[in-house]
Amino acid sequence: MEPSFYRRLADDALAGVDLADDRCLAILTDPAVDLLPLLNAAYEVRHAHWGKTVQVHVLNNAQNGKCPEDCSYCSQARTSEAPIEEYSMKDDDEILDEAQRAYEAGAFRYCLVMSGRGPSKKGTEQLAHLVRRIKETYPLEVCVSAGLLDDDKAAVLAAAGLDRLNHNLNTSEEHYAEICTTHTYQDRIDTLRAAKRNGIETCSGLIAGMGEPPTDLIEIAKTLRTLESESIPVNFLLPFEGNVLQEATGLTPQYCLRVLAMFRFTNPAAEVRCTAGREFHLRSLEVLSLYPANSLFLDGYLNAKGEAVARTYQMIVDAGFEIVSDRQVADLLTEALAEGGRLDETPVELLDRPGVKTASDLHPTR
Ligand code: SF4
């Protein structure tokens, strides 16, 4: 492609122009679109909104497994035979203790993830009570991933001070019935709209590699633009023994990068997060994901080897980006080293480099 193709992509995204579907499709599939100039154009847009920062997110599972739904990609689904640790909702005091530890470690957001179709009316009130207690006790943002919500439930959570709701679209409307039969795409859209109507920010993304054509990814990107999702996690299907959907299709490192770039051009100001499958599918090109995406997810951090955590932080700093973490970076790195991770520098040396930011830098009043 001529240099003007890439120039126009960046200029249009920066001007807020809605990218036509044929240009999105060219980004994803046209071999004449070269990867490096494409990523350079995506980086220009990312930089305009996020500078060189990379937000590193760590999830906190408040409830695991025991889900009655049948999402075919999920190890917690009733249809999955994956050997996961199952536990019911932790009690309030345990979660408050975790929130305290997160706060003391410098977190700016506390993320609670619950498996299940969605909370009952009573469950929503209990969740709201918990959110209110966290918010009253610690100056933390709270994000919840709790399944399907209607307006009434969203209003209860909004009144308690919930800042953000995670609820992924996962795939396109047309493809949805092939990955799940116990709820619909429209259920998910309705949940996101209910959150927005009640003033809750949304975090909603997708899983690529579930057999969908590239045009479906374009449809998701456009829908998330319409929904004005503040945060977009881009997952790449991880093969997980025991899950109904075990084989990822059509994913190459270059295609994954094109997907990230397409989401950046279509949702220029969003927090585009490279999430599950980052190491597995991007392989040797993983560092290039930082050019379209401004955010990473430490996949299954609680079970991740220290090596993987240390390697991720080293990769970010080696590429000249600035780390922003939900937790104090020094704590994470120290833990990672204690678990057998290797760094070329000590955590202190790494963090002494110019430009490395911690959560405390973002909240200088603390
Ligand atoms: S509703 Fe959530 S936890 Fe349950 S199977 Fe689907 S993705 Fe997994």
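Just so you know, these numbers come straight off a predicted model, no measurement behind them.

In this section: the nonpolar core. Counting 73 residues, the largest nonpolar core has Val-234, Phe-236, Met-262, Phe-263 and Phe-265 as the members making the most contacts within it. The element that contributes the greatest number of residues to this core is helix α10 (residues 253–266), accounting for nine residues. Counting residues in hydrophobic clusters, the runner-up holds 26 residues, among them Met-114, Ala-128, Tyr-138 and Ala-154.

What follows deals with the side chain of His-167. Position of His-167 among the secondary structure elements: in the loop between β5 (164–166) and α7 (173–179). Note on His-167: relative accessible area 3%, which makes it buried. When sequence neighbours within four positions are dropped, the list of residues in contact with His-167 reads Gly-147, Leu-148, Arg-188, Thr-191, Leu-192, Cys-203 and Ser-204.

Here the focus is the packing of helix α3 (residues 35–50) against α10. Taken N-terminus to C-terminus, the directions of α3 and α10 make an angle of 40 degrees; their axes are 9 Å apart at the nearest point. Here α3 is positioned oblique relative to α10, judged by the angle of their axes. When you trace α3 past α10, the crossing you get is left-handed. Along the contact surface, α3 presents Leu-35, Leu-38, Leu-39, Ala-41, Ala-42, Val-45, Arg-46 and Trp-50, while α10 presents Gln-254, Leu-257, Arg-258, Ala-261, Arg-264 and Phe-265. When its residues are assigned to classes, the contact of α3 with α10 shows ten nonpolar, one polar and three charged.

Right, let's get into the pairing of strand β8 (residues 231–236). Here β8 lies mainly inside the structure; six of its six residues are buried. Burial along β8 is two-sided: Ser-231, Pro-233 and Asn-235 facing one way and Ile-232, Val-234 and Phe-236 facing the other are all buried. Relative to β8, strand β7 (residues 206–208) runs parallel, the two being bridged by three bridges. Across the sheet, the residue bridging to Ala-208 is Phe-236, located in β8. A crossover links β7 with its parallel partner β8, the connecting element being helix α9 (residues 214–227), and its sense is right-handed. Looking at chain direction, β8 and strand β9 (residues 271–274) are connected through four bridges and run parallel. Residue pairing across strands places Val-234 opposite Cys-274, the latter belonging to β9. Handedness of the β8-α10-β9 crossover: right-handed.

The next subject is the confidence of the model for the protein. Of the residues in the protein, 87% reach a pLDDT of 70 or more, and the chain-wide mean stands at 86. A low-confidence stretch, residues 299–304 stays under pLDDT 50, and its non-local contacts, those more than four residues away or across chains, total eleven contacts. Confidence over residues 362–366 falls short of pLDDT 50; this stretch has ten contacts with residues more than four positions distant or in other chains.

Tracing the sequence through the fold places Leu-343 in the loop between α13 (329–338) and α14 (347–351). Accessibility expressed as a relative area gives 14% for Leu-343, which makes it buried. In this structure the C-alpha to C-alpha distance between Leu-343 and Arg-311, which are 32 residues apart in sequence, comes to 7.2 Å.

On to the pattern of salt bridges. Across all of its chains, the model carries 20 salt bridges by this definition. The closest approach of N and O atoms between Asp-12 and Arg-8, which form a salt bridge, is 3.8 Å. Here Asp-12 pairs with Arg-8, and both are found in helix α1 (residues 3–14), just four residues apart, close to one helical turn. By relative accessible area, which is 15% here, Asp-12 ends up buried. Judged by its relative accessible area of 49%, Arg-8 falls in the partly exposed class. When the shortest N-O distance is used, the salt bridge between Arg-117 and Glu-69 registers 3.2 Å.

About the criteria used
Residues numbered from 1 in each chain as written. Predicted model: local features only at pLDDT ≥ 70, side-chain atom pairs only at ≥ 80, totals over all residues. Heavy atoms only, no water. Core = buried A, V, L, I, M, F, W, Y, C linked by side-chain atoms within 4.5 Å. Buried < 20%, exposed > 50% of the residue type's maximum accessible area, 1.4 Å probe, protein only. Helix = DSSP H or I, 4+ residues; strand = E, 2+ residues; numbered from the N terminus. Contact = heavy atoms within 4.5 Å. Axes fitted to C-alpha atoms, helices over the stretch in contact; angles between N-to-C directions. Parallel < 35°, antiparallel > 145°, perpendicular 65-115°, else oblique. Left-handed = near helix turned anticlockwise from the far one by under 90°. Nonpolar A, V, L, I, M, F, W, Y, C, P; charged D, E, K, R; others polar. Pairing = 2+ DSSP bridges. Right-handed = clockwise from strand over helix to strand, strands pointing away. pLDDT = per-residue confidence, 0-100. Salt bridge = Lys/Arg side-chain N within 4 Å of Asp/Glu carboxyl O.

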